[in-house]
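Residue-level listing of the chains:
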Amino acid sequence: MEPQAPRREMYPGDAVLDEDCTFAGVVGGDLTITPGRRVTLGGMVQGNLIVGEGAEVILRGMIGGEIVNLGGTLSGPGLVARG
């Protein structure tokens, strides 16, 4: 199976990722990663990043708010502006 192209959507407010993916878009509010998902985040989130239980997030982008970890894992060289 070939890897899927990164998602590059732009959301003016909050957004939810409920599938395994690479996200390279922009979220104007908070971004929630639902439980058990595997996400590589290369885009920009102006609000908070909320990581659901059992989710795995590789952060390569920028978070303008805080990280709210509800039991997932977070790794990567990304930037968190505050939090």
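Quick caveat, the model's predicted, so the values are computed rather than measured. The numbering scheme is per chain: residues are counted from 1 as the chain's sequence reads. Where totals are concerned, whole chains, interfaces and linings use all residues; where local detail is concerned, this predicted model gives features only for residues with pLDDT of at least 70, and gives and counts side-chain atom pairs only at 80 or more. For the side-chain quantities, the full set of heavy atoms in the structure was used; hydrogens and water were omitted.

Q: What is the right way to read the sheet that holds strand 3 (residues 21–23) from this model?
A: Note on sheets: strands pair through backbone hydrogen bonds, and any given pair is parallel or antiparallel. A pair of strands is treated as paired once DSSP finds two or more bridges between them. Under the DSSP-based scheme used, a helix requires at least four consecutive residues in state H or I and a strand at least two consecutive residues in state E, with every element numbered from the N terminus. Read from one edge of the open sheet, four strands run 3-6-9-12, paired in parallel fashion. Each having just a single partner strand, strand 3 and strand 12 (73–75) make up the two edges of the open sheet. Going across the sheet, the axis of each strand differs from the next one's by a mean of 15°, ignoring polarity. Note: strand 6 (residues 38–41) against strand 9 (residues 56–59), four bridges, orientation parallel. What counts as an axis is a line fitted to C-alpha atoms, over the stretch in contact for a helix, and the angles between N-to-C directions run from 0 to 180 degrees.

Q: Help me out: how do you make sense of the nonpolar core in this one?
A: Soluble globular proteins tend to bury their nonpolar side chains together. Nonpolar core, defined: a set of buried Ala, Val, Leu, Ile, Met, Phe, Trp, Tyr and Cys residues in which side-chain atoms within 4.5 Å join the residues together. Only protein chains enter the calculation, and the probe is 1.4 Å; a residue is then buried if its accessible area is under 20% of its type maximum, exposed if over 50%, and partly exposed in between. Membership of the largest hydrophobic core comes to 16 residues, with the highest contact counts inside it found for Leu-17, Leu-31, Ile-33, Leu-41 and Leu-49. Elements represented by at least two residues in this core include exactly strand 2 (15–17), strand 3, strand 5 (31–33), strand 6, strand 8 (49–51) and strand 9. Residue contacts are counted whenever heavy atoms from the two residues lie within 4.5 Å of one another. Beyond its immediate stretch of four places on either side in the chain, Leu-41 contacts Phe-23, Leu-31, Leu-49, Val-57, Ile-58, Leu-59, Arg-60, Gly-61 and Ile-63.

Q: What am I meant to see in the pairing of strand 9 here?
A: Each regular strand carries side chains that alternate between the two faces of the sheet. Alternating positions in strand 9 separate cleanly, Val-57 and Leu-59 being buried on one face and Glu-56 and Ile-58 remaining unburied on the opposite face. Note that strand 9 and strand 12 share three bridges and pair parallel. Bridging across to strand 12, Glu-56 finds its partner in Thr-73.

Q: What is the right way to read the pattern of salt bridges from this model?
A: Oppositely charged side chains can form a pair if their charged atoms are brought close together. By convention in these notes, a salt bridge is any Lys or Arg side-chain nitrogen within 4 Å of a carboxyl oxygen on Asp or Glu. According to the stated counting rule, one finds four salt bridges in the structure shown. Between Glu-56 and Arg-38 there is a salt bridge, with the nearest N and O atoms lying 3.5 Å from each other. Here Glu-56 is found in strand 9, whereas its partner Arg-38 is found in strand 6, with 18 residues between them in sequence. Look at Arg-38 and you get exposed, because its relative accessible area is 53%.

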